[in-house]
Amino acid sequence: MVASAVLGFPRIGANREIKKVVEAYWAGKTTADEVTKVAATVKKTSWSELKQRGVTYIPSGDFSLYDHVLDHSAAFNAIPKRYQGLGLSQLDTYFAMARGRQADGVDVPASEMKKWFDSNYHFVVPELDNNTAFKLNYNKPLEEFKEAKAAGITTRPVLLGPITYLALSKASKEAESGFEPISLLSKLLPVYKQLLTELKEAGAEWVQIDEPILVMDKGADFESQFGSAYDEISPVAPKIVLTTYYGRLDSNLKFVAKLPVAGIHIDLDRGAEQLDATISAVSSGSYVLSLGLVSGRSIWKTDFAAATKAAEKAVSALGQDRVIVATSSTLLHIPVTLASENKLTAEQKDWFSFAYEKASEVATIAAVVSGSQDAQIAAALEANRTSIAKRRDFEKNSDDTVRKRVASITPEQYERKSPFAVRREAQKKLNLPKFPTTTIGSFPQTKEIRQARAKLGKGEISEEEYEKFIEKEIENAVRFQERIGLDLLVHGEPERNDMVQYFGERLEGFVFTQNGWVQSYGSRYVRPPIVVSDVSRKGPITVRWSKYAQSLTSKPMKGMLTGPVTILNWSFPRADISRALQSQQLALALRDEVVDLESAGIAAIQVDEPALREGLPLRRADWDPYLKWATSTFKLSTAGVRDETQTHSHFCYSDFDDIFPSIQSLDADVISIEASKSDMKLLNTFKRYGYSNQIGPGVYDVHSPRVPPQPEISQKMKDMLEILDQQLFFVNPDCGLKTRGWKETEASLINLVEAAKWARQQYA
Ligand code: MET
Ligand SMILES: [Zn+2]
């Protein structure tokens, strides 16, 4: 029999139960016991669902209240010094690491978050040094294994692998210079051994160890690191299935296929081409090969015929018992279930599979390849054939106007009329002081705003009443900014439900779910739109709001759009045409919006591209084509304006690696970037590359409710001004303020304005 497996499951609950309960806990409105209780129900529901759908290997230990990497750090006692000895419970220490804490005399900032591989999921970066004393504070996979068992469900516990964990870590502030987290491997392994021994003793037959770092180009030492780590842990462990995902193994396959593990998982969604090589690499041994045939990253229904064919290839080489049909990766990146979607048409619904449905897919494909004669399986196979054929038919429709416009883009459309120096002179008419202060766009999305939107959705208020309400919000935001003395204003984005969804809804070519939430970080979930056909603009999108905001003030107003690369990367793209083509269609739609904003008298326009970096392919060899289409489509969207219109772009990350030249090539007049939590890295980037246009390195972290004192902001600026040109320096937070409350927003921005005043004196 061919078995089936799901590598990981969404942990937010089908009705966002986890968000609700942890946020209530943070607000002091519920107890830790209640959090545990809700978590237990969510886990149990998922396990039962997977069991009922016939999945052989059901994951446990992958659940999280905030982030699975943070769980790992907490369980392994990798707790940075600043969170120790605060007199907090285990749970509160965990949340303090996640989001900082400023209460009852405790004042600690949050840990740094980074994007998980090439996804929009953020993990909490572990901070290590030679004093890190790894020990097992608690055995999470074991606890969940037992929890499932008590519910009558046997699971395959999931554990983040030691090399990936260390590769994702950074040196703590206290670390000696030159410290590399991987140097702690020998100290970390005994804790893995203890954890795995306990799992084995508890009766776990298999354990899934995730090493997605294997799909990246890493140092030459990978082979010896993996060799020694797995030599050491495997003798005491349950049977290990080593999982690699989000890409292909490439040359790493050579040593992976020699590791002392019982099974190997490969991602055939992102790396379909590696099937043959992997089969032959493992065929002579006794490895079980787990085939990631059902995409964990897309919401399109799996084509059973194609998947079956691939699986049969493996079966004929290895035999049924050595093949597993699995999801390509964890299903963390897709919504929980299609069952709660009532607004998609039947035709649309038939195109998609979410996590529950993907679980059925792996089970069905495994049954087909096992030669099942079951009538239900035959029916499922037939139904799938029909759905796939219908979708292919639909894909034949295209919008000729859009296709023609893309085909006739000229090289000039990608470039501004004059070079930056000339534009800068022209932009003096904005009258900004030295060290201009601004924000990234959004102000708190308050309960009132969300309620008004909900009421509009339910028809409880009219469109007109809603617009009046939004205007009032804009007015409040403008008055607030004037009062505290910001220089370049924003309208505050109250009209947006989400920075991608809002635009998607006003463009042709997208469909939306009601409940398709996906975790972005912690309790922050997003509902990615789905691109299903050619994209075009239905009409002006933001012009009305920006124009209204500008009419209220004599200070310059910054228009605010989400960029083409980000809209695409934060949507589920279509699979039948390239992402490059989809992004060009988006860029042309946004270009019209940018030009309309300019005509409406908006002198500064920001086009946000926070997702540009995360879309970077994991393998360096694949970077160039991506960077080429990503940067050129951004330019296409912004370059239609006159010299005196100031273009801004925003990137909320600081990990530019080697892509900084691409950021420079976007030729935005001003960029803002995340810099508050990782100053050193960023400064090194600037030392290396320099930057010729204006830049606002975020001077405080908006992802935490903590209020940064003015001297702290000034100090950040001082550090950065050692490297950056004071004439080109903007002062701003590191991202939008939509998730914050007004109280901390006001206090923080007042300090920011004070810090800018300080700088004007200091650097006069
Ligand atoms: C994730 S980047 C967010 C940018 C957007 N303009 C905002 O302020 O919310
Ligand atoms: Zn941002």
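Residues numbered from 1 in each chain as written. Chains lettered and ligands numbered in written order. Predicted model: local features only at pLDDT ≥ 70, side-chain atom pairs only at ≥ 80, totals over all residues.

Within an unreviewed UniProt entry, the label attached to the protein reads 5-methyltetrahydropteroyltriglutamate--homocysteine S-methyltransferase, and the organism entered is Marasmiellus scandens. Within the UniProt record for the protein, the comment given under Cofactor (unreviewed entry) is "Zn(2+)". Turning to the protein, the UniProt annotation filed under Function (unreviewed entry) states: "Catalyzes the transfer of a methyl group from 5-methyltetrahydrofolate to homocysteine resulting in methionine formation." (UniProt positions renumbered as here; feature names shortened; annotations may be inferred.)

Right, let's talk about the overall build of the protein for a bit. Looking only at helices and strands, one finds 27 helices and 23 strands in the protein. For 764 residues, the compact-globule estimate of 2.2 N^0.38 gives 27 Å, and the protein sits close to it at 26 Å. Considering only C-alpha atoms, the protein reaches an extent of 75 × 60 × 50 Å along its principal axes. Evaluated residue by residue, the protein yields a buried proportion of 52% over its 764 residues. (Helix = DSSP H or I, 4+ residues; strand = E, 2+ residues; numbered from the N terminus. Rg over C-alpha atoms; globule rule 2.2 N^0.38 Å. Buried ≥ 20, exposed ≤ 12 C-beta atoms within 10 Å, placed from the backbone.)

Moving on to the site of ligand 1. Every residue near ligand 1 is listed here: Ile440, Gly441, Ser442, Met499, Met560, Asp608, Pro610, His650, Cys652, Cys735, Gly736 and Lys738. Residue composition of the shell around ligand 1, grouped by class: six nonpolar, four polar and two charged. (Near = placed C-beta within 6 Å. Nonpolar A, V, L, I, M, F, W, Y, C, P; charged D, E, K, R; others polar.)

Strand order across the open sheet formed by eight strands is 1-14-13-12-11-10-8-2, with parallel pairing between neighbours. Whereas interior strands pair on both sides, the edge strands pair on one side only; in this sheet they are strand 1 (3-5) and strand 2 (59-60). Bridge analysis of strand 12 (residues 263-267) against strand 13 (residues 288-294) gives five bridges, and the strand direction is parallel. Its bridge partner lying in strand 13, Gly263 is registered against Val288. In the packing of helix 11 (residues 304-318) onto the sheet, the strands contacted are strand 13 and strand 14 (323-327), and the crossing angle to strand 13 comes to about 175°. (Pairing = 2+ DSSP bridges. Contact = placed C-beta atoms within 7 Å. Axes fitted to C-alpha atoms, helices over the stretch in contact; angles between N-to-C directions.)

To continue, consider the packing of helix 13 (residues 355-369) against helix 14 (residues 375-395). Running from amino to carboxyl end, helix 13 crosses helix 14 at an angle of 110°, the nearest separation of the two axes being 10 Å. Compared by their axis directions, helix 13 and helix 14 come out roughly perpendicular. Read as a crossing pair, helix 13 and helix 14 show a hand that is left-handed. Contact with helix 13, carried on its side by Thr364, Ala367 and Val368, involves Ile377, Ala380 and Leu381 of helix 14 and no other residues of that element. Looking at side-chain class alone, the contact of helix 13 with helix 14 contains five nonpolar, one polar and no charged residues. (Parallel < 35°, antiparallel > 145°, perpendicular 65-115°, else oblique. Left-handed = near helix turned anticlockwise from the far one by under 90°.)

The next point concerns helix 13. With 15 residues, helix 13 should reach 21 Å at 1.5 Å per residue; the first-to-last C-alpha distance of 21 Å fits that figure. In the segment just after helix 13, Gly371 is the residue with positive phi, at about 85°. (Expected span 1.5 Å × (residues − 1).)

Turning to its location among the elements, Leu721 is positioned in helix 26 (residues 710-721). C-alpha of Leu721 to C-alpha of Arg740: the two residues are 19 residues apart in sequence and 28 Å apart in space. When residues no more than four places from it in sequence are discounted, the contact partners of Leu721 are Gln726, Phe729 and Tyr763.

Attention now goes to the nonpolar core. By size, the foremost hydrophobic cluster in this structure holds 208 residues, and its most contacted members are Val6, Leu291, Ala311, Val325, Val362 and Ile365. It is helix 13 that provides the largest number of residues to this core, a total of ten residues. Discounting residues that sit within four places of it in the chain, Leu291 has contacts with Ile266, Leu268, Ala310, Ala311, Ala314, Val323, Ile324, Val325 and Ala326. (Core = buried A, V, L, I, M, F, W, Y, C linked by C-beta atoms within 7 Å.)

Before going further, it helps to spend a moment on the sheet that holds strand 21 (residues 646-651). Hydrogen bonds between backbone atoms are what pair the strands of a sheet, whose relative direction is either parallel or antiparallel. Strand order in the open sheet formed by five strands is 19-20-21-22-23, and the pairing between neighbours is parallel. Both edges of this open sheet fall to strand 19 (558-562) and strand 23 (694-697), since each of them pairs with a single strand only. Averaged over all pairs of adjacent strands, the angle between strand axes in this sheet comes to 20°, irrespective of strand direction.

Take the pairing of strand 20 (residues 604-608) next. Counting buried positions along strand 20 yields five of five residues, so the element is predominantly enclosed. Residues of strand 20 alternate between two faces, with Ala604, Gln606 and Asp608 on one and Ile605 and Val607 on the opposite face, all of them buried. Direction of pairing for strand 19 relative to strand 20: parallel, over a ladder of five bridges. Bridge pairing in strand 20 places Leu561 opposite Val607. Pairing geometry for strand 20 and strand 21, over three bridges, is parallel. If you follow Ile605 over to strand 21, its bridge partner there is Thr647.

Moving on, we come to helix 7 (residues 185-201). Counting along an α-helix, one turn takes 3.6 residues, and residues three or four places apart therefore face a common direction. With 17 residues, helix 7 should reach 24 Å at 1.5 Å per residue; the first-to-last C-alpha distance of 24 Å fits that figure. For helix 7, the full list of buried residues reads Leu188, Tyr192, Leu195, Leu196 and Leu199. Within helix 7, the buried residues cover an arc of 95° as seen down the axis, which keeps them to one side. Along helix 7, exposed side chains directed more than 90 degrees from the buried face belong to Ser186 and Glu201. The inward-facing, buried residues of helix 7 contact helix 5 (140-150), strand 8 (156-160), helix 6 (162-168), strand 10 (206-210) and helix 8 (222-233). Positive phi shows up at Gly203, right after helix 7, with a value of about 100°. (Arc of directions from axis to C-beta.)

Side chains Gln694 and Gly696 project from strand 23 onto one buried face, and the interleaved Ile695 and Pro697 project onto a second face that is buried too. For strand 22 (residues 670-673) and strand 23, the ladder comprises four bridges, and the chain directions are parallel. Bridge assignment links Ile671 to a residue of strand 23, and that residue is Ile695.

Let us now look at the environment of Gly285. Within the secondary structure, Gly285 is located in the loop between helix 10 (275-283) and strand 13. Sequence-wise, Gly285 and Tyr653 are 368 residues apart; in three dimensions their C-alpha atoms are separated by 43 Å.

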